[in-house]
Amino acid sequence: RLCTVYTVGIMSVFKVTVSLFVALVVDATIYPRQSLSGNILSNRVTREDLSWDTFSGCAQCLCIREEATIDCSGKLTNGRLPDVESLPNSDVKIFRYNNSGVMHVDYGYFTAFPHITDIQGESNSIREPFLLPSTITSIRLFNNSLTSTDLFNFTVTYNSLKLIDLSSNDIQVVRKDAFQSFPQLELLSLKTMRNGIRKLETHCIRNLPSLQELLLESNTLRALPSDAIKNLSSPGRRLCLNLENNKLSEVPENFLDLPHLTSLWLDFNEIEIIHPLAFHLTP
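Turning to the overall build of the chain, a few remarks are in order. If you tally the helices and strands in the chain, you get one helix and 17 strands. Each of the 283 residues in the chain was classed as buried or not, and the buried ones make up 41%. If you sum the accessible surface of the chain, you get close to 15000 Å²; carbon and sulfur atoms cover 54% of it.

A few words on the sheet that holds strand 4 (residues 118-120). Spatial ordering of the open sheet is given by 1-2-3-4-5-6-9-12-14-16, a layout of 10 strands whose pairing is mixed. This sheet does not close on itself; its edge strands, each paired only once, are strand 1 (62-64) and strand 16 (263-265). Mean inter-strand twist for the sheet, computed between neighbouring axes without regard to direction, equals 5°. Across three bridges, the pairing between strand 4 and strand 5 (residues 138-140) is parallel. In the sheet register, Ile 119 faces strand 5, and the bridge partner there is Ile 139.

Let's shift gears to the pattern of salt bridges. Going through the model one piece at a time under the given rule, you end up with seven salt bridges. Of the charged contacts, one joins Arg 206 and Asp 177 as a salt bridge, the two residues approaching to 2.8 Å between their closest N and O atoms. Here Arg 206 is found in strand 11 (residues 205-208), whereas its partner Asp 177 is found in the loop between strand 7 (173-174) and strand 8 (179-180), with 29 residues between them in sequence.

Counting 67 residues, the largest nonpolar core has Phe 95, Tyr 97, Phe 110 and Phe 179 as the members making the most contacts within it. When contributions to this core are tallied by element, the ones reaching two or more residues are strand 11 and strand 13 (229-232).

Taking strand neighbours across the sheet as the criterion, the three strands line up as 8-11-13 in an open arrangement whose pairing is parallel. For this open sheet the edge positions go to strand 8 and strand 13, each flanked by a neighbour on one side alone. When strand 8 meets strand 11, the two strands line up parallel, connected through two bridges. When the bridges of strand 11 are listed, Gln 180 appears paired with Arg 206.

Another aspect to go through is the packing of aromatic side chains. Aromatic rings in a pair are described by how distant their centres are and how their planes are angled relative to each other. Under the criterion given, the structure shown has 16 aromatic pairs. With 5.2 Å between their ring centres and 85° between their planes, Phe 95 and Phe 110 make a pair best called edge-to-face. In this pair, Phe 95 sits in strand 3 (residues 94-96) while Phe 110 sits in the loop between strand 3 and strand 4, placing the two residues 15 residues apart along the sequence. Judged on exposure class, the residue Phe 95 and its partner Phe 110 are both buried. Each ring, one from Tyr 97 and one from Phe 110, has its centre 6.1 Å from the other, and the planes form 20°; the classification is stacked. Here Phe 110 lies in the loop between strand 3 and strand 4 and Tyr 97 lies in the loop between strand 3 and strand 4, a separation of 13 residues in the sequence. With respect to class, Tyr 97 is no different from Phe 110; both count as buried. A connected cluster of aromatic rings, assembled from ring pairs, spans Phe 95, Tyr 97, Tyr 109, Phe 110, Phe 113 and Phe 130.

With that out of the way, let us pick up the environment of Leu 131. Take Leu 131: it is sitting in the loop between strand 4 and strand 5. Taking C-alpha positions, Leu 131 is 7.7 Å from Tyr 109, a pair spaced 22 residues apart along the chain. Setting aside residues up to four positions removed in sequence, Leu 131 forms contacts with Tyr 107, Phe 110, Thr 111, Leu 151, Phe 152, Asn 153 and Tyr 158.

Bringing the state of the cysteines into the picture now. In total, this model carries two disulfides according to the counting rule given. Two residues, Cys 61 and Cys 72, share a disulfide whose sulfurs are 2.0 Å apart. Judged by the torsion about the S-S bond (100°), the Cys 61/Cys 72 disulfide is right-handed. One end of the pair, Cys 61, is in the loop between helix 1 (2-30) and strand 1; the other, Cys 72, is in the loop between strand 2 (69-71) and strand 3, and 11 residues separate them in sequence.

Parameters and conventions
Residues numbered from 1 in each chain as written. Predicted model: local features only at pLDDT ≥ 70, side-chain atom pairs only at ≥ 80, totals over all residues. Heavy atoms only, no water. Helix = DSSP H or I, 4+ residues; strand = E, 2+ residues; numbered from the N terminus. Buried < 20%, exposed > 50% of the residue type's maximum accessible area, 1.4 Å probe, protein only. Areas by Shrake-Rupley, 256 points an atom, 1.4 Å probe, with all protein chains shown as cover. Pairing = 2+ DSSP bridges. Axes fitted to C-alpha atoms, helices over the stretch in contact; angles between N-to-C directions. Salt bridge = Lys/Arg side-chain N within 4 Å of Asp/Glu carboxyl O. Core = buried A, V, L, I, M, F, W, Y, C linked by side-chain atoms within 4.5 Å. Phe/Tyr/Trp six-rings, centres within 6.5 Å; stacked < 30°, edge-to-face > 60°. Contact = heavy atoms within 4.5 Å. Disulfide = S-S within 2.5 Å.

What follows is the structure in structure tokens.
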């Protein structure tokens, strides 16, 4: 009898356990739950299915699903972008955080947005570069404190990138291969209102067949190496190079090897010598 009672007891516990497990499975399947940050506890629902109002980061920033835009401009009180997990990600194409006092962006922050095309972070205090995803078409970081142009992962191809604006940062040297092989890039702006760039290294700006505007005005360049800027633009396109308000004292032989150059500005430099063959490589 003891054995019988013991066996019955085990079977009762087993039935209760099975019933509880079935109830939990049914509950999780029919009523999937989500956290405030949008993390899903059921694989039946994804972050893409949620209303953007669900994400806690959209209490800090303006999230406009119809425009595929997150706009944190002037809305961040702590000078930090919201945690990636607190924001919608898959549908976002435009991310703005202008005039927000941001000092740091995590290196891989924007790679969490698989379809992002436009990043605008003007007038902040960012010093360290962060990685740009290959989907990007324009990056605007005017008036920050960047000391480097290391924003690109050259193991991937930036086939859609058309605009780079790094004006008015603290970049002093443009390193070799800093801007290369962007097949659709049309505008590169490195002009400044501060002390600015003092040196261009060899091959620092090259292989940009779609480039139309290269803006280097108001820096402190004293010389322009003949091999610093190469293979820009292509037949049938206009190419404008602005070197106004630098400290160039001489225009040497073979000054520019840019056969597609259509406009060149050298005003407000300190030029005393122009070599007779300065522009013979530039029709």
